[in-house]
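A structural walkthrough
Residues per chain, in single letters:
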Amino acid sequence: MTLFNHKASELQALLHKKEISIADLTAESYKRINELDTDVKAFLALNEEQATAQAKEMDQVSFEQRGPLFGLPIGVKDNIVTEGIETTSGSKILQGFNPIYDATVVHKLRAAGLVTIGKLNMDEFAMGSSTENSAFKITRNPWDLNRVPGGSSGGSAASVAAGEVPFSLGSDTGGSIRQPAAFCGVVGMKPTYGRVSRYGLIAFASSLDQIGPITRTVEDNAYLLEAISGVDPSDTTSANVDVPSFVKSLTGDIKGLRIGVPTEYLGEGVGEAAKQSVLDALKVLESLGATWEEVSLPHSKYGLATYYLLASSEASSNLARFDGIRYGFRADNVESLMDLYKETRAQGFGDEVKRRIMLGTFALSAGSYDAYYRKAQQVRTLIKQDFDQVFEKYDVIIGPTTPTPAFKVGEKNDDPLTMYANDILTIPVNLAGVPGISIPCGFADGMPLGLQIIGKHFDEATIYRVAHAYEQATSFHKQTPQIWEGTKS
Amino acid sequence: MANISKEEVKHVAHLARLAITEEDAEKFAGQLAAITNFAEQLNELDTTNVEPTTHVLPLVNVLREDKSVPGLDRDKMMKNVHEQEAGQVKVPTILE
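Residues numbered from 1 in each chain as written. Chains lettered and ligands numbered in written order. Predicted model: local features only at pLDDT ≥ 70, side-chain atom pairs only at ≥ 80, totals over all residues. Heavy atoms only, no water.

1. Details of the overall build of chain A
What chain A contains, in helices and strands, is 15 helices and 11 strands. Taken over the C-alpha atoms alone, chain A extends approximately 65 × 55 × 45 Å along its principal axes. Here chain A holds 489 residues, and 66% of them are scored as buried. Surface exposure of chain A reaches about 15900 Å², of which carbon and sulfur atoms provide 47%. (Helix = DSSP H or I, 4+ residues; strand = E, 2+ residues; numbered from the N terminus. Buried < 20%, exposed > 50% of the residue type's maximum accessible area, 1.4 Å probe, protein only. Areas by Shrake-Rupley, 256 points an atom, 1.4 Å probe, with all protein chains shown as cover.)

2. Digging into the pattern of salt bridges
In total, this model carries 25 salt bridges over all chains according to the counting rule given. Residues R147(A) and D144(A) are paired through a salt bridge, measuring 3.0 Å at the closest nitrogen-oxygen approach. It is possible to trace a salt-bridge network through shared partners that takes in K6(B), E7(B), K10(B), E22(B) and E26(B). (Salt bridge = Lys/Arg side-chain N within 4 Å of Asp/Glu carboxyl O.)

3. Some details on the side chain of S91(A)
Of note, S91(A) is situated in the loop between β2 (73-77) and α4 (104-112). In contact with S91(A), other than residues within four places in its own chain, are E124(A), F125(A), A135(A), F136(A), G348(A) and F349(A). (Contact = heavy atoms within 4.5 Å.)

4. Digging into the packing of aromatic side chains
All names here are of chain A. Applying the stated criterion across every chain, the model contains 15 aromatic pairs over all chains. A centroid spacing of 5.9 Å and a plane angle of 90° characterise the contact between F183 and F407, whose relative ring orientation is edge-to-face. Separated by 224 residues along the polypeptide, F183 in helix α6 (residues 178-184) and F407 in the loop between β9 (396-400) and α13 (416-420) bring together distant segments of the chain. Here F183 falls in the buried class, since its relative accessible area comes to 0%. A relative accessible area of 3% places F407 in the buried class. Clustering of aromatic rings is evident, with ring pairs tying together F97, F125, F322, Y327 and F349. (Phe/Tyr/Trp six-rings, centres within 6.5 Å; stacked < 30°, edge-to-face > 60°.)

5. Looking at the packing of helix α9 (residues 303-318) of chain A against helix α11 (residues 351-364) of chain A
Residue and element names in this part refer to chain A. Closest axis-to-axis distance for the α9/α11 pair is 7 Å, and the angle between their directions is 100°. For the element pair α9 / α11, the angle class is roughly perpendicular. In this structure, α9 contributes Y308, L309, S312, S313 and S316 to the contact, and α11 contributes R356, I357, L359, G360, T361, A363 and L364. Classifying every residue of the contact of α9 with α11 by side-chain character gives six nonpolar, five polar and one charged. (Axes fitted to C-alpha atoms, helices over the stretch in contact; angles between N-to-C directions. Parallel < 35°, antiparallel > 145°, perpendicular 65-115°, else oblique. Nonpolar A, V, L, I, M, F, W, Y, C, P; charged D, E, K, R; others polar.)

6. Some remarks on the environment of V218(A)
Residues and elements named next belong to chain A. Relative to the helices and strands, V218 resides in helix α7 (residues 218-228). Given the relative accessible area of 0%, V218 is considered buried. Between the C-alpha atoms of V218 and R465, which are 247 residues apart in sequence, the distance is 8.9 Å. Contact partners of V218, with chain neighbours within four places excluded, come to V187, L250, I439, Y464, A467, H468 and E471.

7. Comments concerning the confidence of the model for chain B
Residue and element names in this part refer to chain B. Put simply, chain B has an average pLDDT of 91, and 97% of its residues get 70 or more. Within chain B, no element has a lower average pLDDT than helix α3 (residues 74-77), which sits at 90, and none a higher one than helix α1 (residues 6-15), at 96. As a predicted assembly, this complex carries a pTM of 0.97 together with an ipTM value of 0.94. (pLDDT = per-residue confidence, 0-100.)

8. Points about the sheet that holds strand β8 (residues 291-295) of chain A
Residue and element names in this part refer to chain A. Reading across the sheet, the 11 strands line up as β1-β3-β2-β4-β6-β5-β10-β11-β9-β7-β8 and stay open at both edges, with mixed pairing between neighbours. The two strands at the open ends of the sheet, each matched to only one other strand, are β1 (43-46) and β8. Pairs of neighbouring strands in the sheet enclose a mean axial angle of 30°, with direction left out of account. Strand direction decides the pairing type here: β9 and strand β11 (residues 447-454), joined by four bridges, are antiparallel. (Pairing = 2+ DSSP bridges.)

9. Quick look at the interface of chain A and chain B
In this assembly, 64 residues from chain A lie in contact with 51 residues from chain B. Summed over both sides, the interface between chain A and chain B buries roughly 5200 Å², with carbon and sulfur atoms accounting for 69% of that surface. When the area that chain A buries against chain B is broken down by residue, the three leading residues are I100(A), R330(A) and M358(A), summing to 14%. Taken together, the connections running from chain A to chain B amount to three salt bridges. Residue K27(B) is joined to D351(A) by a salt bridge in which the shortest nitrogen-to-oxygen separation is 2.7 Å. Elements with a contribution of two residues or more to the side of chain A that touches chain B: α9, α10 (337-348), α11, α12 (369-393), α13 and α14 (427-432) of chain A. Element by element, the count of residues in the side of chain A that touches chain B is highest for α12(A), at 11 residues. (Buried area = accessible area lost by both parts, 1.4 Å probe.)

10. Concerning the layout of surface pockets
All names here are of chain A. Looking at the largest pocket, its volume works out to about 630 Å³. V81, F97, Y101, R321 and Y327 are the residues nearest the centre of the largest pocket, which is lined by 25 residues in total. Looking at the lining of the largest pocket residue by residue, the class counts come to 16 nonpolar, four polar and five charged. Here the second largest pocket defines a volume of roughly 340 Å³. Around the second largest pocket, the lining comprises 15 residues; the ones closest to its centre are E264, E268, S300, K301 and I424. Among the elements of the structure, α9 and α14 are those that each provide at least two residues to the lining of the second largest pocket. Among the residues making up the lining of the second largest pocket, the classes are represented as eight nonpolar, four polar and three charged. (1 Å grid on protein atoms, 1.4 Å probe; cavity = no way out; pocket = protein on both sides within 12 Å on 5 of 7 lines; lining within 4 Å. Points joined across faces, edges and corners; volume = space filled by probe spheres on them.)

In structure tokens:
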């Protein structure tokens with residue numbers, strides 16, 4: 001059993017009663033990582049010395065000065081820059097890179113009193129759905145070490161599911177928080193585009209990327225999103241809108257809530273178990289006073305193609321900065337500057353990253369721009385309009401997070417298109433810029449399933465209210481993988 | 001159905017500043033053709049007069065007062081540079 005069985009408010013109560021200290025919590029994290037991470041492989045760099053010292057200092061801070069997350073351990077996805085802690089974005093091209101500033105979210109974590117335990121593994125530059133594309137290690141699913149944790153925030157989801165840390169940050173460009181949260185049986189929120197500053201997030205697709213929290217309970221998730229949200233002068237795409245108290249929205253009351261369930265999300269390509277778990281969840285929500293109807297997001301099936309064109313195009317531009325000159329990996333034995341660029345990038349990037357850079361370069365190149373890039377931007381408008389129309393009549397949209405539970409390591413490596421199909425239910429949310437959460441809603445053959453709740457722009461409060469009401473009425477979130485008890489499977 | 005030749009892949013790789021082997025050019029040609037063919041399903045949709053979405057938020061220019069603020073520390077910025085000389089970043093010869 002671990003202390004991380006407790007949610008944030010319970011841990012604060014234990015701290016207040018002096019039954020535990022912040023130093024104990026930090027030590028617990030490193031103890032769990034020592035015991036479990038040789039199997040789970042969620043962490044890249046660890047911050048043990050600094051975190052241990054920080055924890056001891058924080059134990060001296062008076063209780064009046066502490067917020068709800070003060071002193072609690074957190075893991076940070078490795079595409080979020082942390083001053084003094086190696087940050088690689090899962091890529092060889094950034095191996096050994098030591099950021100010289102903190103991302104805005106990292107500042108905010110510190111301001112809230114969270115202790116950064118280490119950096120979490122991910123698909124290289126967040127391109128992938130299984131964390132198999134990391135240049136360093138393949139993270140395993142704590143529920144079955146032969147299966148993937150999902151991706152790209154696989155380390156973030158697996159570390160929370162294994163109880164190595166109670167909180168983590170991930171990033172979500174096409175499903176990279178929600179899909180691994182679903183695969184690992186934890187709670188993962190992709191906030192509205194613009195809710196959380198992207199300053200210091202190593203950019204993949206700038207019009208889609210958002211940082212968000214991964215936790216074991218909805219309440220903890222709401223606390224953490226509250227802590228990292230808000231407009232930031234360093235990110236001109238962060239939105240100047242009020243950040244409400246998400247925790248206060250957890251009333252348990254969803255009477256009169258109108259739910260839209262897209263036919264497309266329960267249709268072709270979606271597995272029976274995922275479908276059934278959603279229908280069961282809708283019954284629970286109905287019993288709590290909500291109503292649901294089938295709706296249509298008719299352009300859903302075009303989401304995947306639209307996404308791969310737009311995200312790859314943006315990536316081809318964003319990743320141009322990795323040239324071996326100012327930081328990161330640099331190829332040896334080159335004669336000219338052009339060769340330095342080409343060799344550094346050829347040796348530094350993995351295949352999936354190269355594939356997307358080339359796809360994006362192709363889509364943006366003369367003769368292809370209108371046919372591919374502009375066309376995809378137009379279809380993006382249609383996809384966004386689908387959501388706008390449904391949200392005129394409904395408060396939230398509900399469906400599965402993924403078509404199937406976690407697949408086996410190595411199972412989908414050969415064909416990029418098969419791997420991409422994992423994200424058909426999460427991608428449209430990014431294209432529309434709306435918020436979406438995944439919460440545990442059942443199991444299939446012992447592997448967790450995720451329920452996706454999608455809300456209106458900047459209405460994370462309603463999502464949390466629904467997610468929390470559902471969570472309180474069910475017990476899926478209380479189940480833990482066998483590895484949780486410290487026994488190796 | 002779009003075909004992407006090995007030569008086109010090499011051209012795109014050059015634009016993207018990626019060194020590429022013959023073998024990889026062959027492999028990527030097939031994969032990129034499959035992905036672009038998949039993407040051509042978008043042509044089923046009539047998008048005449050549909051405005052492209054570059055960004056979901058109704059963003060306008062974000063302005064601030066034209067006042068200088070301290071930037072990052074120069075010595076810190078040089079910390080991750082592999083080759084340097086006299087406080088400057090060094091690269092291979094660019095002129096013969």
